[in-house]
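Overview (structure and organization)
If you want the building blocks of each chain, they are given just below.
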Amino acid sequence: DYLFPGTIEYLVRDGAALGVFMVFWGAVISFLATPVLTYFYGKRWYCSWVCGCGGLAETAGDPYRHLSDKSRKAWHWEVAILYPILGFVILTTLFLWINSWSEGRLLGDLSGGFASTYGFFIGAMFSGVIGVGFYPIMGNRVWCRFGCPMAAYLGLLQKHFSRFRITTNGGQCISCGNCSSYCEMGIDVRWYAQQGEPIIRASCVGCGICAHVCPRGVLKLENGPRENRFAG
């Protein structure tokens with residue numbers, strides 16, 4: 001709820017210097033720095049280097065990374081859930097701001113209760129209880145794969161605009177399956193390696209574990225020109 005009107009009003013109340021600083025740089029990072037950084041580094045600058053949920057997944061959730069479902073059915077569920085959540089968050093924020101600008105005439109007294117309910121179910125139950133509690137059931141990136149709107153936003157930028165991708169050398173792949181087994185985002189990396197196709201998936205967080213566990217050095221994390229991109 002960082003971009004909700006009530007949160008911003010609280011932060012900048014009475015011209016608080018720290019609050020204004022947080023709001024200004026929060027907006028700059030969200031709308032300017034994020035596309036630029038994602039263009040050069042993909043989602044990994046945030047999901048693997050910055051995000052607290054990602055840090056928890058990489059530490060407490062690491063023993064469960066192999067449990068991430070690699071099937072196409074899981075991928076279809078991921079797409080069917082994650083992007084509607086992104087749209088819901090955008091519309092929610094938009095309606096709350098319109099309501100704020102109209103001095104409550106759009107939603108009336110519903111806005112405060114709605115924001116609180118949203119924060120509880122999404123911030124506490126979904127990202128907290130389900131996102132962490134389901135590590136032993138669905139792998140360590142449950143929240144990142146099925147619930148995080150930031151991951152959806154970054155994934156669209158990465159897939160369609162970023163220079164980042166994981167390249168493969170299919171001629172050296174021995175189909176051992178290490179890469180797919182260790183992928184926490186449920187990507188069947190071995191399939192890409194066998195085809196010799198670069199891995200450009202919206203869900204990839206660029207952790208690099210697939211390249212690390214490959215015994216033949218088939219996989220390599222790269223930033224480069226966008227021609228011949230594989231829209232997987």
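Residues numbered from 1 in each chain as written. Predicted model: local features only at pLDDT ≥ 70, side-chain atom pairs only at ≥ 80, totals over all residues. Heavy atoms only, no water.

1. Notes on the pattern of salt bridges
Convention followed: When a carboxyl oxygen of Asp or Glu lies within 4 Å of a side-chain nitrogen of Lys or Arg, that pair is called a salt bridge. Partly exposed residues are those whose accessible area sits between 20% and 50% of the maximum for their type, while under 20% is buried and over 50% is exposed, using a 1.4 Å probe and protein chains only.
Under the definition given, this model contains eight salt bridges. Where Glu-58 meets Arg-65, a salt bridge forms, and the shortest distance between an N and an O atom there is 3.1 Å. Its salt-bridge partner being Glu-222, residue Lys-220 comes within 4.0 Å of it at the nearest N-O pair. Given a relative accessible area of 51%, Lys-220 falls into the exposed group. With a relative accessible area of 24%, Glu-222 lands in the partly exposed category.

2. Topic: helix α9 (residues 149-161)
Using the following cut-off: Numbering of helices and strands runs from the N terminus, with a helix taken as a DSSP run of H or I at least four residues long and a strand as a DSSP run of E at least two residues long. In a helix, the anticipated span is given by 1.5 Å times the number of residues less one.
Between its first and last C-alpha atoms α9 spans 18 Å; for 13 residues at 1.5 Å apiece the expected length is 18 Å, and the two agree. Listed as buried for α9 are Pro-149, Ala-151, Ala-152, Leu-154, Gly-155, Leu-157 and Gln-158.

3. Re the packing of helix α5 (residues 72-101) against α9
As a reminder, the rule being used: Angles run from 0 to 180 degrees between N-to-C directions of axes, and those axes are lines fitted to C-alpha atoms, restricted for helices to the stretch in contact. Angles are sorted into four bins: roughly parallel if under 35 degrees, roughly antiparallel if over 145, roughly perpendicular if 65 to 115, and oblique for all others. Should any heavy atoms of two residues lie within 4.5 Å, those residues are considered in contact. Residues are grouped as follows: Ala, Val, Leu, Ile, Met, Phe, Trp, Tyr, Cys and Pro are nonpolar; Asp, Glu, Lys and Arg are charged; every other residue, Gly included, is polar.
Viewed as axis vectors pointing N to C, α5 and α9 meet at an angle of 105 degrees, and their least axial separation amounts to 8 Å. Taken together, the axis directions place α5 and α9 in an arrangement best described as roughly perpendicular. Taking contact as the criterion, the partners of Leu-82, Tyr-83, Ile-85, Leu-86 and Val-89 in α5 are, on α9, Pro-149, Ala-152, Tyr-153 and Leu-156. Taken together, the residues that form the contact of α5 with α9 break down as nine nonpolar, no polar and no charged.

4. Some points on helix α2 (residues 17-41)
We count it as follows: Note on bend: at a given residue it equals the angle between the axes fitted to the 7 residues ending there and to the 7 starting there.
Taking the largest bend as the criterion, α2 deviates by roughly 45 degrees, centred on Ala-33, and proline Pro-35 comes between one and four positions later. Among the residues making up α2, those that are buried are Gly-19, Val-23, Gly-26, Thr-34 and Thr-38. Positioned one or two residues after α2, Gly-42 has a phi angle of 70 degrees, which is positive.

5. Structural notes on the nonpolar core
Applied cut-off: We define a nonpolar core as any set of buried Ala, Val, Leu, Ile, Met, Phe, Trp, Tyr and Cys residues linked to one another through side-chain atoms lying within 4.5 Å.
Residues Ile-166, Met-185, Ile-187, Val-189, Ile-199, Cys-210 and Leu-219 are the most contacted members of the largest nonpolar core, which totals 20 residues. The set of elements that each furnish at least two residues to this core consists of α3 (44-47), β1 (164-168) and α11 (189-195). Per-element accounting of this core gives the leading share, three residues, to α11. Sequence-distant contacts of Ile-166, that is, excluding residues within four places in its chain, are made with Pro-198, Ile-199, Cys-204, Cys-210, Leu-219, Lys-220 and Leu-221.

6. A word on the side chain of Ser-203
Within the secondary structure, Ser-203 is located in the loop between α11 and α12 (209-213). Ser-203 sits in the buried class, given a relative accessible area of 5%. Contacts of Ser-203, omitting those with residues within four sequence positions, involve Lys-43, Glu-78, Met-185 and Ile-187.

7. Comments concerning the side chain of Thr-38
With respect to the element layout, Thr-38 can be found in helix α2. Beyond its immediate chain neighbours, meaning those up to four positions away, Thr-38 contacts Lys-43, Trp-45, Leu-154, Leu-157, Gln-158 and Ser-162.

8. Regarding the environment of Ser-100
Of note, Ser-100 is situated in helix α5. Each C-alpha atom, one on Ser-100 and one on Cys-47, is 32 Å from the other, the two residues being 53 residues apart in sequence.

9. Considerations on the packing of aromatic side chains
For clarity, the cut-off: Think of it this way: a Phe, Tyr or Trp ring, Trp meaning its six-membered ring, pairs with another when their centres are within 6.5 Å, and the plane angle makes it stacked under 30 degrees, edge-to-face over 60, tilted otherwise.
Taken as a whole and assessed by the stated rule, the structure comprises six aromatic pairs. Between Tyr-39 and Phe-40 the ring centres are 5.0 Å apart and the planes differ by 80 degrees, which places this aromatic pair in the edge-to-face class. Seen from their ring centres, Trp-45 and Tyr-46 are 5.5 Å apart, and the 65 degrees between their planes marks the pair as edge-to-face. Trp-45 sits in the buried class, given a relative accessible area of 9%.

10. Side note on a nonpolar patch on the surface
Defined as follows: Residues enter patches when their relative accessible area tops 30% and they take part in no salt bridge; the joining distance is 9 Å for like charges and 5 Å for the nonpolar side chains Val, Leu, Ile, Met, Phe, Trp and Tyr. Computed by Shrake-Rupley with a 1.4 Å probe, the accessible areas treat only the displayed protein chains as cover when residues are assessed.
Taken together, the side chains of Leu-32, Val-36, Leu-37, Tyr-39, Phe-40, Tyr-41, Trp-49, Val-50 and Phe-161 make up a nonpolar region of the molecular surface, amounting to roughly 870 Å² of accessible area. If you trace the backbone, Val-36 turns up in helix α2. The class of Val-36 is partly exposed, set by a relative accessible area of 42%.

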